[in-house]
Amino acid sequence: MTPLADPITSPGAYTGPATLAGIETPAPVVDLGRLAANLDRTAAYAASHGIALRPHVKTHKSPLIAREQLRRGAAGLTCATVREVEVMSAVTDDVLFAYPPIGGPRLHRLLSAPPPVRLTVSLDSEAAIDALADAAAAAGRSVRVYVEADVGMHRVGVTSAEHAVSLARRVAGRRELEYAGLAFYAGHIRVPPAKQDERLAQLNQALGTIVDALTAAGLKPPAVSGGSTPTLWRTHELPAVTEIRPGTYVYNDRMTADLGACTLDQCALTVLATVVSTSVPDQAVVDAGTKALGRDPLDDASHAGFGAVADHPDVVVSRMSEEHGILDLRGTSWRPETGDLVRIIPNHVCVVVHLNDVVYGVRGERVEMSWPVAARGRV
Ligand SMILES: Cc1ncc(COP(=O)(O)O)c(C=O)c1O
């Protein structure tokens, strides 16, 4: 086990609201104790199994949280946008761009990352290899490449071991590129960890086939990079995997809890909202609508709603307008009053973070710090 890091503390003087009551709502607030526990737990898991942790920053988009991940032993960071790469280049010199590097403007910006940054890119096509190699040559730098394989999500990735071998060979043949391994994302495994046996067995088989083919071709992958938050805790049962890239684990959310990959108590980020109307019976309206909570449904449609009240998890946001969220109170005797503050656990936290400029760090009612969501947007 790695030693646990110190609690998260403000890097500078915080001069904002001192308590939750002073925050203008809706606003994302993060329980600093839960955040630290989530970071510690995952860092300790990865270290105890000898797996490199390269967290995906898409969830927090914040150099402050990234620093906390690196301080706890993360080997580098994973990004999906060039904006994330630019912002995270200030805190790490090891970035994986886990998104197809297609399109001139995207490539140009990607290769403009400060030269000390070791860039790795995952890709799945000949066109991406050729364009990346040309852009790397023009930029006078070398780029590492993971060949991306589709292992069941059917989003990106080559769908045969033969194709993986031919892409790896092509990468190895380009002077500006370094073949660095294999990447996959098992985003299709969305069942509780205890019920993942069959899917993990299929995943092991799929990975084994590709790794064996690459090895037989003299292209044994130096790294095999995978890992999502729902599969995080069983990564050690995937012997091929050397690196994981979970993102959601920092904050967790209702979707992750619904999948059984965390508990509601481990959800660190809530949306602080104010009850603005109770005039319609059996409901309360809060000032958090789609523009504060996003609109992601849960995988299990029988669990309705777009978020749940943290202290009353049976009370869900059943309907939304852009700036209104309707709390369904029919199943509870709890009756909040106009002006009350409520904290809502969002279904999908990554989208909520992306909708905000600033996040507040709190312990109980006390606000200790805030930080910008510096890598949001496309700027
Ligand atoms: C390529 C890739 N890697 C890692 C992750 C992180 O997965 P999770 O959010 O389940 O932690 C994602 C999430 O979208 C992803 O797309």
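Quick note: structure is the one above.
Residues numbered from 1 in each chain as written. Predicted model: local features only at pLDDT ≥ 70, side-chain atom pairs only at ≥ 80, totals over all residues. Heavy atoms only, no water.

Draft legend 1. Region of the structure containing the pattern of salt bridges. Following the criterion strictly, the structure yields 22 salt bridges and no others. Between E178 and R144 there is a salt bridge, with the nearest N and O atoms lying 4.0 Å from each other. Of this pair, E178 sits in strand β7 (residues 177–183) while R144 is found in strand β6 (residues 143–148), placing the two residues 34 residues apart along the sequence. Taking the relative accessible area as the measure of exposure, E178 reaches 39% and is therefore partly exposed. For R144, a relative accessible area of 12% gives the class buried. Taken together, the shared-partner salt bridges in this structure form one network comprising D40, E68, R71 and R72. (Salt bridge = Lys/Arg side-chain N within 4 Å of Asp/Glu carboxyl O. Helix = DSSP H or I, 4+ residues; strand = E, 2+ residues; numbered from the N terminus. Buried < 20%, exposed > 50% of the residue type's maximum accessible area, 1.4 Å probe, protein only.)

Draft legend 2. Spatial organisation of unusual backbone geometry. Of note, the amide linkage connecting T25 to P26 takes the cis form, showing an omega dihedral of 0 degrees. Of note, P26 is situated in the segment before β1 (27–31). Although it is not a glycine, N252 sits at a positive phi angle of roughly 60 degrees. Positive phi, normally seen in glycine, also occurs at D282, with a value near 65 degrees. Tracing the chain through its elements places D282 in the loop between β10 (269–277) and β11 (283–286). You can call D282 partly exposed: its relative accessible area is 39%.

Draft legend 3. Quick look at the nonpolar core. If you look at the biggest cluster of nonpolar residues, it comprises 100 residues, and the most contacted ones within it are L35, M88, L203, Y251, L327 and W371. Among the nonpolar cores identified, the runner-up in size contains 8 residues, and A27, V29, L272 and Y360 belong to it. (Core = buried A, V, L, I, M, F, W, Y, C linked by side-chain atoms within 4.5 Å.)

Draft legend 4. Quick peek at the packing of helix α6 (residues 161–172) against helix α7 (residues 197–216). Contact pair α6 / α7: the axes reach a minimum separation of 9 Å and the direction vectors enclose 40 degrees. Classified by the interaxial angle, the pair formed by α6 and α7 is oblique. Once α6 is placed against α7, the crossing between them reads as right-handed. Here α6 contributes A161, A164, V165 and A168 to the contact with α7, which in turn contributes T209, I210, A213 and L214. (Axes fitted to C-alpha atoms, helices over the stretch in contact; angles between N-to-C directions. Parallel < 35°, antiparallel > 145°, perpendicular 65-115°, else oblique. Left-handed = near helix turned anticlockwise from the far one by under 90°. Contact = heavy atoms within 4.5 Å.)

This is a description of form; function is not addressed.
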